Amino acid sequence: MVTGATGTHLSDHAHIVVTGGAGFIGSAFARRYIANHPGARVTVIDKLTYAGNLANLAPVWENPRFRFVQADIGDDVAITPVVASAHAVVNFAAESHVDRSLTDPDVFVRTNVLGTNVLLRAARAAGVERFVHVSTDEVYGHVATGAATEETPPKPRNPYSASKAGAELLAFSYFTNFGLPVIVTRGSNTIGPYQYPEKATPLFVTNAIDHLPLPVYGQGTAIRDYLYVDDHAAAIDLILHRGVAGEAYNVGSEDALNTVELAHAILGRLDRPQSLVQFVADRPGHDLRYSLDSTKLRALGWRREYDLEATLDATVKWYEANEDWWRPIKSGAFREYYRRQYGDAFASATAARGTS
Ligand code: NAD
Ligand code: TYD
């Protein structure tokens, strides 16, 4: 049943389909939803790309209210029957790393745009009560001054953010034309447990644990808002229940750091020398500043639990305590990626110091 533009009445026993739920933020959302909504059922649909990891779902795997389906969101034959029984869909599934989008844009268009379209079509056929499309602050592009509000026009500048902006616009078109109750969230840089170590923060933390150099792009002046993953998941839960269909919501910590400051904060927490910061070639088209105004989300009642210090503390501690999660990742296909991304010299320096 399609609801109107305001209010949602998702029952306590709703069936929520979470796509991309074996990834970083999607798994945090799935774990949270099972824990905080005792009658709800959660089905995770995930293709299990390099970024998907069933270990992220271990805490809920045995729960009778949890189900996992391995499928590509672009495969309508596989996903339509799963979505058919859903009351709501939360779409996290995406190719999510900017650097990879610079070397292989095609898969970003396939999953982020075409895949989202297949999912929207299935959700429309099912008549879901909510379709939350998880997007990113990167759709606003470089924000030179001030902070982007939900009314700021999208100006994405790399294939990742362009594909995310395309997906959002498509999602809104299903609201405008077909009445699908779509809500879009635009989160800022999210960090915390279970983040694939290609992203700056887990890469820096795990390198620092091993006394390895931290590759900082350009002069390290690029500014991001850093948000703890549980706060991001809580925001999406709130928006799913209280957000208004047809609207977008920024999800930002409003706690900015540049990359050198991020690296120093991590090295300090691990008692490693600041000399481990190593400046490397900049990312082409690097967005040098993101900044979000999250007033609209706060008006729904969202308050983050983790300030910047707590966010960094919890993140660093988790990687220190969970080497069995990240070491196998960093020793697999990741090494080839690392060599391609950072160059032979940097990767060899890393290998010489003993990652295996
Ligand atoms: P992630 O890369 O950790 O996880 C993505 C998940 O999607 C993986 O489990 C992967 O297997 C799955 N997936 C990829 N292609 C798929 C396909 N075709 N079909 C089904 N599953 C597929 O990403 P993340 O960091 O958890 O990001 C989740 C969402 O949040 C993305 O949409 C991303 O754009 C958005 N986002 C991320 C951040 C951030 O800082 N990480 C910030 C704002 C928004
Ligand atoms: P990242 O985690 O890739 O997120 P995004 O680019 O999507 O914001 O990067 C965060 C910031 O850190 C960004 O300005 C790019 C920079 N960065 C580095 O300096 N070195 C790295 O090795 C990576 C992966 C990122």
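Definitions and cut-offs
Residues numbered from 1 in each chain as written. Chains lettered and ligands numbered in written order. Predicted model: local features only at pLDDT ≥ 70, side-chain atom pairs only at ≥ 80, totals over all residues. Heavy atoms only, no water. Pairing = 2+ DSSP bridges. Helix = DSSP H or I, 4+ residues; strand = E, 2+ residues; numbered from the N terminus. Axes fitted to C-alpha atoms, helices over the stretch in contact; angles between N-to-C directions. Contact = heavy atoms within 4.5 Å. Near = heavy atom within 4 Å. Polar contact = N/O pair within 3.5 Å; in protein donor to acceptor, adjacent residues only side chain to side chain. Nonpolar A, V, L, I, M, F, W, Y, C, P; charged D, E, K, R; others polar. Areas by Shrake-Rupley, 256 points an atom, 1.4 Å probe, with all protein chains shown as cover. Parallel < 35°, antiparallel > 145°, perpendicular 65-115°, else oblique. pLDDT = per-residue confidence, 0-100. Salt bridge = Lys/Arg side-chain N within 4 Å of Asp/Glu carboxyl O. Buried < 20%, exposed > 50% of the residue type's maximum accessible area, 1.4 Å probe, protein only.

## Quick word on the sheet that holds strand β1 (residues 15-19)
In any sheet, the strands associate via hydrogen bonds between backbone groups, in a parallel or an antiparallel arrangement.
Stage number 1. Read from one edge to the other, the open sheet built from seven strands follows the order β3-β2-β1-β4-β5-β6-β10, with strand pairing classed as parallel. Of all the strands in the sheet, just β3 (66-70) and β10 (248-251) have a single pairing partner and so form its edges. In this sheet, adjacent strand axes meet at a mean angle of 20 degrees when their direction is disregarded.
Stage number 2. As paired strands, β1 and strand β2 (residues 41-46) are joined by five bridges and run parallel to one another. Of the residues in β2, the one forming a bridge with Ile16 is Val42.
Stage number 3. Helix α5 (residues 159-178) contacts β5 (130-136), β6 (182-187) and β10 of the sheet and is inclined by roughly 160 degrees relative to β5.

## Quick look at the site of ligand 2
Stage number 1. Near ligand 2, the surroundings consist of 21 residues, among which Glu138, Pro215, Arg224, Arg283 and Tyr342 are the closest.
Stage number 2. Separating an oxygen atom of ligand 2 from a backbone N or O atom of Ala200 is a distance of 2.9 Å.
Stage number 3. Residue His286 places a side-chain N or O atom 2.8 Å away from an oxygen atom belonging to ligand 2.
Stage number 4. Looking at the shell around ligand 2 residue by residue, the class counts come to eleven nonpolar, four polar and six charged.

## Details of the site of ligand 1
Stage number 1. The environment of ligand 1 is made up of 30 residues, and the closest members are Ile25, Asp46, Ser96, Tyr160 and Lys164.
Stage number 2. In this structure, an oxygen atom belonging to ligand 1 sits 2.8 Å away from a main-chain N or O atom of Ile25.
Stage number 3. Here ligand 1, which alone exposes 840 Å², has 97% of that area covered by the protein.
Stage number 4. If you list the elements that add at least two residues to the shell around ligand 1, you get α1 (24-36), β5, α5 and β7 (189-191).
Stage number 5. Counting residues per element, the shell around ligand 1 draws most heavily on β5, which supplies three residues.

## Some details on the sheet that holds β7
Stage number 1. In spatial order, the strands read β7-β9-β11; together these three strands make up an open sheet with mixed pairing. Only two strands of the sheet have a single neighbouring strand rather than two, namely β7 and β11 (256-258). Each strand axis lies, on average, 50 degrees off the axis of its neighbour in the sheet, ignoring direction.
Stage number 2. Bridge count between strand β9 (residues 223-228) and β11: three bridges; the pairing is antiparallel. Counted as the bridge partner of Arg224 is Leu257 from β11.
Stage number 3. Contacts from helix α8 (residues 259-269) reach β9 and β11, with the element oriented near 90 degrees to β11.
Stage number 4. Across the sheet, helix α10 (residues 308-321) lies against β7, β9 and β11, angled at about 70 degrees from β9, the strand it touches most.

## Considering the packing of α10 against helix α11 (residues 323-331)
Stage number 1. Contact pair α10 / α11: the axes reach a minimum separation of 6 Å and the direction vectors enclose 75 degrees. Here α11 runs roughly perpendicular to α10, going by the angle between their axes. Contacts between α10 and α11 involve Trp318, Tyr319, Glu320 and Ala321 from the former and Glu323, Trp325 and Trp326 from the latter.
Stage number 2. Among the residues forming the contact of α10 with α11, the class breakdown is five nonpolar, no polar and two charged.

## Considerations on the confidence of the model for the protein
Stage number 1. Per-residue pLDDT for the protein averages 95, and the proportion of residues at 70 or more is 96%.
Stage number 2. With pLDDT under 50 throughout, residues 1-5 is counted as low confidence; its partners more than four residues away or in other chains account for 14 contacts.

## Focus: the environment of Ala35
Stage number 1. Of note, Ala35 is situated in helix α1.
Stage number 2. Between the C-alpha atom of Ala35 and that of Phe204, which follows or precedes it by 169 residues, the distance is 31 Å.

## A look at the pattern of salt bridges
Stage number 1. According to the stated counting rule, one finds 16 salt bridges in the structure shown.
Stage number 2. Close ionic contact of Lys296 with Glu247 constitutes a salt bridge, the shortest N to O distance being 2.6 Å. Taken together, the residues span a long stretch of sequence, with Lys296 in helix α9 (residues 295-299) and Glu247 in the loop between α7 (229-242) and β10 at a distance of 49 residues.
Stage number 3. The exposure class of Lys296 is partly exposed, given its relative accessible area of 24%.

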